[in-house]
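Remarks on the overall topology
The chain contents come next:
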Amino acid sequence: MRVPAPDLARGLMLLAIAFAHAPLFVVDIDRGPAVLNDLTNGLHNLFVSNHARPMFAFLFGYSLVQLLDRRTRRGSAWVDVRKLLHRRGWWLALIGFVHMAVLVPIDILAAYGISAVLLVGLLRAKDSTLLWTAGLSLVPATAMVGFAMWYPLSQGLSPIAAGSVAAGMKGPWQLFAERLQAWPFGLVAGVILVVPGVIFGVWAARRRLLDEPARHRRFLVNAAIVTTAVSVIGAVPVGLVQLGVWAEPSGAALWAAALAQPLTGYFGGIGMAAIIGLIAIPVTRRPNGLATAVQALGQRSMSLYLFQSLVFVGVFYPYGLDLQDDLGLAGATGVAAATWLVSVVIAEVMRRAGYRGPAEILLRRLAYR
């Protein structure tokens with residue numbers, strides 16, 4: 001029987017991913033009501049920015065162990081499972097490349113595919129090796145994101161605005177050429193960013209924290225409280241700078257704030273998975289329609305992640321509705337929420353029809369030959 005917590009977490013994770021990506025498609029995040037934009041900016045800073053990706057990476061690492069366990073129970077040898085994970089990783093990277101080239105420059109699939117290929121050996125490593133590797137990998141990941149936050153803040157800009165992928169007046173072919181040039185660098189950066197979360201996910205899956213949340217309730221409660229508190233405290237300084245409350249911080253203070261937000265965000269993203277694990281306990285005992293639909297979304301997370309890109313291209317790009325100049329941060333976040341709700345409905349329709357999801361079917365056929 002499929003346990004609900006990991007799928008429930010993946011389904012809710014797509015909402016965080018949508019929140020993180022949609023604002024990057026608008027030209028001016030300050031367009032629209034200032035109060036709404038400020039409130040939305042606070043939400044992003046405390047619970048979305050640098051939280052969504054670690055949560056996704058954590059769940060991806062968790063799924064690698066689940067796949068290994070399933071194949072082992074069926075009698076597969078380690079060498080066969082390793083080859084399967086390698087094939088799956090390379091095909092996932094190729095799907096991510098096509099996603100980037102055809103739809104949007106923001107892709108996370110290729111980075112996860114490459115990280116799976118690189119980290120397969122850690123699935124059999126000792127716990128101490130896992131935790132040391134995860135800790136060391138946090139250093140370059142935090143430094144990279146910290147610089148990406150520090151530089152725009154030092155120029156008086158928002159990190160969200162600095163990461164904009166709005167098309168402007170560019171056509172699809174010009175965008176395609178620019179993406180091809182930037183993709184190798186973005187892929188390397190993406191792999192560095194997701195590695196810590198993937199490794200922590202492997203460690204958690206060995207303990208079946210989300211498979212058996214009732215058994216690990218006390219640990220999940222403590223983890224959720226501590227990581228959420230740490231991530232909120234770590235995000236406050238950057239939030240104060242962006243709102244203008246902390247005016248003209250010193251260079252050292254700005255650097256410290258820019259590094260604290262992504263570092264604590266990693267733990268906040270993982271803490272979100274712990275919170276969802278706790279939510280899954282009553283859901284397992286008394287299933288309801290909404291939880292079932294969100295689980296269905298989690299089971300088809302790759303297909304509906306690609307669906308988000310289709311929607312964002314259609315809504316924001318000039319060869320779609322061209323709303324990139326009309327919406328700000330709050331408006332784009334509203335588009336993200338609406339897109340996720342539609343995704344839940346689509347996933348539930350697929351579940352009732354017994355349809356797995358086109359991207360999941362494709363990856364399975366390619367990986368399993």
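Residues numbered from 1 in each chain as written. Predicted model: local features only at pLDDT ≥ 70, side-chain atom pairs only at ≥ 80, totals over all residues. Heavy atoms only, no water.

**Considering the environment of A101**
By the element assignment, A101 lies in helix α4 (residues 78-102). Ignoring anything within four residues of it in the chain, the contact list for A101 reads F176 and R179. (Helix = DSSP H or I, 4+ residues; strand = E, 2+ residues; numbered from the N terminus. Contact = heavy atoms within 4.5 Å.)

**Points about the packing of aromatic side chains**
Taken as a whole, this structure holds 17 aromatic pairs when the rule is applied. Ring centres of F25 and Y317 lie 5.8 Å apart, and the angle between their planes is 55°; this geometry places the pair in the tilted category. Linking F25 in the loop between α1 (4-21) and α2 (34-48) with Y317 in the loop between α12 (301-316) and α13 (329-353), this pair joins segments that are 292 residues apart in sequence. When sorted by exposure, F25 lands in the same class as Y317, which is buried. Centroid distance F58 to Y62: 6.4 Å. Interplanar angle 45°. Geometry classified as tilted. Within this pair, F58 and its partner Y62 are both found in helix α3 (residues 52-73), separated by 4 residues, close to a single helical turn. Like F58, the residue Y62 is buried in the burial classification. Each residue in the set F25, F312, F316, Y317 and Y319 is aromatic and connected to the rest through ring pairs, giving one cluster. For R364, the ring lying beneath its charged end belongs to Y368, and the centroid distance is 4.5 Å. (Phe/Tyr/Trp six-rings, centres within 6.5 Å; stacked < 30°, edge-to-face > 60°. Buried < 20%, exposed > 50% of the residue type's maximum accessible area, 1.4 Å probe, protein only. Lys NZ or Arg CZ within 6 Å of the ring centre and 35° of its normal.)

**Re the packing of α1 against α12**
Interaxial distance between α1 and α12 falls to 10 Å at its minimum, and their mutual angle equals 25°. Taken together, the axes of α1 and α12 are roughly parallel relative to one another. In the packing of α1 onto α12, the handedness of the crossing is right-handed. Listed contacts from α12 to R10, L14, I17, A18 and H21 of α1 are S301, L304, Y305, Q308 and F312. When its residues are assigned to classes, the contact of α1 with α12 shows 6 nonpolar, 3 polar and 1 charged. (Axes fitted to C-alpha atoms, helices over the stretch in contact; angles between N-to-C directions. Parallel < 35°, antiparallel > 145°, perpendicular 65-115°, else oblique. Left-handed = near helix turned anticlockwise from the far one by under 90°. Nonpolar A, V, L, I, M, F, W, Y, C, P; charged D, E, K, R; others polar.)

**What to know about the side chain of N41**
Mapped onto the elements, N41 comes out in helix α2. Relative accessible area serves as the criterion here: at 11%, N41 is assigned to the buried category. When residues no more than four places from it in sequence are discounted, the contact partners of N41 are I160, Q242, L243 and L329.

**A closer look at the layout of surface pockets**
Each pocket or cavity is described by its volume, and for the largest pocket that value is around 1500 Å³. Considering the residues around the largest pocket, the lining is formed by 48 residues, among which L24, R53, I106, G163 and L193 are closest to the centre. Residue assignment for the lining of the largest pocket shows that the elements contributing at least two residues are α1, α2, α3, α5 (109-119), α6 (127-154), α7 (159-162), α8 (172-206) and α10 (251-285). Per-element tally for the lining of the largest pocket: the top contributor is α8, with 11 residues. Across the lining of the largest pocket, the residue classes tally to 32 nonpolar, 11 polar and 5 charged. Empty space within the second largest pocket amounts to approximately 1000 Å³. Lining the second largest pocket are 35 residues, and of these R2, S63, R70, R88 and R356 sit closest to its centre. Elements with a contribution of two residues or more to the lining of the second largest pocket: α1, α3, α4, α5, α11 (289-299), α12 and α14 (358-368). When residues in the lining of the second largest pocket are grouped by element, the largest group, 11 residues, is from α3. Class assignment of the residues belonging to the lining of the second largest pocket gives a composition of 16 nonpolar, 5 polar and 14 charged. (1 Å grid on protein atoms, 1.4 Å probe; cavity = no way out; pocket = protein on both sides within 12 Å on 5 of 7 lines; lining within 4 Å. Points joined across faces, edges and corners; volume = space filled by probe spheres on them.)

**Things to note about the packing of α1 against α11**
For the pair α1 and α11, the least separation of the axes is 7 Å and the interaxial angle reads 80°. Judged on the interaxial angle alone, α11 and α1 are roughly perpendicular. Contact residues: P4, D7, L8, R10, G11, L12 and L14 in α1; A291, V294, Q295, L297, G298 and Q299 in α11. Here the contact of α1 with α11 is built from residues that sort into 7 nonpolar, 4 polar and 2 charged.

**Focus: a positive patch on the surface**
On the surface, a cluster of positive charge is made up of R70, R73, R74, R356 and R364. With respect to the element layout, R70 can be found in helix α3. Accessibility expressed as a relative area gives 37% for R70, which makes it partly exposed. (Patch = residues over 30% accessible without salt bridge, like charges linked within 9 Å, V, L, I, M, F, W, Y side chains within 5 Å. Areas by Shrake-Rupley, 256 points an atom, 1.4 Å probe, with all protein chains shown as cover. Salt bridge = Lys/Arg side-chain N within 4 Å of Asp/Glu carboxyl O. Lys, Arg positive; Asp, Glu negative; His and termini not counted. Charge placed at Lys NZ, Arg CZ, Asp CG, Glu CD.)

**A few points about α8**
Given a rise of 1.5 Å per residue, 35 residues ought to cover 51 Å, yet the end C-alpha atoms of α8 are separated by just 44 Å, more than 12% below that figure. The largest bend along α8 reaches roughly 45° and is located at W183, with the proline P184 sitting one to four residues downstream. (Expected span 1.5 Å × (residues − 1). Bend = angle between axes of the 7 residues up to and from the residue.)

**Quick word on the nonpolar core**
Counting 88 residues, the largest nonpolar core has F58, Y112, L123 and V198 as its most contacted members. Apart from the residues within four sequence positions on either side, V198 is in contact with A57, F58, F60, G61, L64, Y112, S115 and L119. If you look at the next biggest cluster of nonpolar residues, it comprises 25 residues, including F25, A167, V313 and A336. (Core = buried A, V, L, I, M, F, W, Y, C linked by side-chain atoms within 4.5 Å.)

**Topic: unusual backbone geometry**
Positive phi is not limited to glycine here, since E248 has a value of about 50°. Along the chain, the position of E248 falls in the loop between α9 (217-243) and α10.

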